[in-house]
Amino acid sequence: MDRRSEECLLGENPRQDTYDDSESPFLPTSRVKPMPSAKGTKRPLRTIYAVLAVVSLLSFGFFLFKPLNYLDFEEAPVISPTFNLQSYVQGPPTQRFRDNLRNDTKYITSWISAGWTNDVMTYGNLIYLALITERIPIIAKFVPSHIDNSAPPFAFGEVFDIPRLSQAIGSPVIEWHEVKDSESEVLDDLGCWSVWQSVQEDPHPRGSPSLNWLRLDVSWTKTPDWVKLTPPGPGDNDKHASYWSLATLGFPETRSDNLKLTNLPSPRHQVSLPPDDHLLCFDYLYYMGVQNAWEWEADYSPVWRFVGQHMHWNASLERLADQHARRAMNVPADRPTPPYISIHIRHGDFNRYCDGIPLNQCFASLPVIARRVAEVQEELRTRKGIEVTQVIMTSDERDPEWWSGVRAMGWTWVDYARERTEEIYGKWYPVFIDAVIQSNGAGFVGTHGSTMTTLARRRVESWHGGSTRVVKWGSPNADDH
């Protein structure tokens, strides 16, 4: 069963929002470049490792021992401005991106074109690749590939806490709008590698709306076939690239050995350029692995351990999500947010994988989901000594009877229509708030095959030491255990 990502949220009157994604999600050791500080000195590599280790241990301890009977966002650690943006660019955003890059610094970038959750994972992959190539990642805004195209691009730093992330990983993370003026009409030429052509065996590079927003005219060079995670050969169905294979293209010897590869002319200026070395760039980095495909699922996942778990929410977004969750649970203003179990049930386009099986037999029933919730409740009671009775459901299911069944279970959900969330905050916010609420559960129950479930599960386990379960589906009694 192939797996997809991106979900939508339902309010009191369930409605269909398009968060569909055409991408397959994830299924079942690095060095960091010394960067110049604000005073122009180099941060020793050993120091960066020490900072990364200490911050990781402190973060784990903080969330492990933090009481889960409430979520106090004021207790988030205060991050000192260790990485000053002006130490890594020439100054304010410029009309041409290259005018703002420092000659003593190397950079890396890539772009997105899937559903939002997969795009988050893609940027995690980019940042990990930046660490092992000793480069500074430049992150573009999220583009509305899964919601109404009238929604404007949304800055990475308005969703995630970049200063906290940068300090945790020991490397700066900067955004494209900090490098190039978002209002610039200048069309920049750039030579980049196309991973997509090699791993997907597609004659064309992977496109992205980001290139239009950034005004980039790219000349693509297909990466060598050896970048594939699984060596090409008979029966090879793997579509992933190897991090370390791609990383070698960021170093002089391997780059030099592959500069004779054909450079496709850029679409607008029709110029053929070799892949840039100052700004190393790849078309698409979703399908990536160190040892195996779909590694975000694995306990050893390097990307999760060294990057993903440090991608905490922007504090403003987290507070907004908490307000929505409190109203959904009818929490009085003078009471703290109680611990709750978050549920994420993906139906929607997953029905295409039911292969003719009636949907009420293909998808797990509410009693089956409730059995998983009960397991999480018992584990939290036994392991952490807390009693969790509040349950918040998120799902893309549209059947009103199904939602009546959710209510009959004693569970609740955020009514985005009644909250007027899109009207007040914008079309991006239901999916953002959904993800934050899922991640802040004392426990979590999700849907097998969904990358949104994957990230929520990992956040609950890593950030809160929570208990999680994943509901299997696809045939009658699929979740029997």
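In the block above lies the structure referred to throughout.
Model, not experiment: these values are computed from the prediction.

J.: Would you explain the overall build of the chain in this entry?
T.: Helix and strand counts for the chain stand at 17 helices and 12 strands. Per-residue burial over the chain gives 58% buried out of 481 residues. Of the roughly 19800 Å² of accessible surface on the chain, a fraction of 52% belongs to carbon and sulfur atoms.

J.: I keep staring at helix H16 (residues 429-439) and nothing clicks. Help me out?
T.: Structural remark: α-helix, 3.6 residues per turn; residues separated by three or four positions point the same way. The element H16 is largely enclosed, with a buried count of 11 among its 11 residues. Those residues of H16 that fall on the buried side of the exposure criterion are Tyr429, Pro430, Val431, Phe432, Ile433, Asp434, Ala435, Val436, Ile437, Gln438 and Ser439.

J.: Even after reading the chapter, I still don't get the sheet that holds strand E11 (residues 443-447), so can you show me in this structure?
T.: Two modes of strand pairing occur in sheets, parallel and antiparallel, and in both the strands are linked by backbone hydrogen bonds. Read from one edge to the other, the open sheet built from 4 strands follows the order E10-E9-E11-E12, with strand pairing classed as parallel. At either end of the open sheet lies a strand with only one pairing partner, and these are strand E10 (390-395) and strand E12 (467-471). Averaged over all neighbouring strand pairs, the angle between strand axes comes to 15°, with direction disregarded. Bridge count for strand E9 (residues 340-345) against E10 is 6 bridges, and the pairing is parallel. When the sheet's bridge partners are listed, Ser342 is paired in E10 with Ile392. Strand contacts of helix H17 (residues 451-464): E9, E11 and E12, with the helix running at about 165° to E11, the strand carrying the most contacts.

J.: Quick question: what am I supposed to make of the nonpolar core here?
T.: Nonpolar side chains tend toward joint burial in soluble globular proteins. One finds Trp111, Trp116, Phe142, Phe156, Leu246 and Phe282 to be the most contacted residues of the largest nonpolar core, which totals 96 residues. Sorting elements by how many residues they give to this core places helix H2 (residues 116-133) first, with 11 residues. Residue contacts for Phe282: discarding those within four places in its chain leaves Ile108, Thr109, Ser110, Trp111, Leu129, Trp193, Val195, Trp220, Leu246 and Leu249. Listed in part, the 23 residues of the second largest apolar core include Val373, Trp403, Val406 and Ala442.

Procedures and definitions
Residues numbered from 1 in each chain as written. Predicted model: local features only at pLDDT ≥ 70, side-chain atom pairs only at ≥ 80, totals over all residues. Heavy atoms only, no water. Helix = DSSP H or I, 4+ residues; strand = E, 2+ residues; numbered from the N terminus. Buried < 20%, exposed > 50% of the residue type's maximum accessible area, 1.4 Å probe, protein only. Areas by Shrake-Rupley, 256 points an atom, 1.4 Å probe, with all protein chains shown as cover. Pairing = 2+ DSSP bridges. Axes fitted to C-alpha atoms, helices over the stretch in contact; angles between N-to-C directions. Contact = heavy atoms within 4.5 Å. Core = buried A, V, L, I, M, F, W, Y, C linked by side-chain atoms within 4.5 Å.

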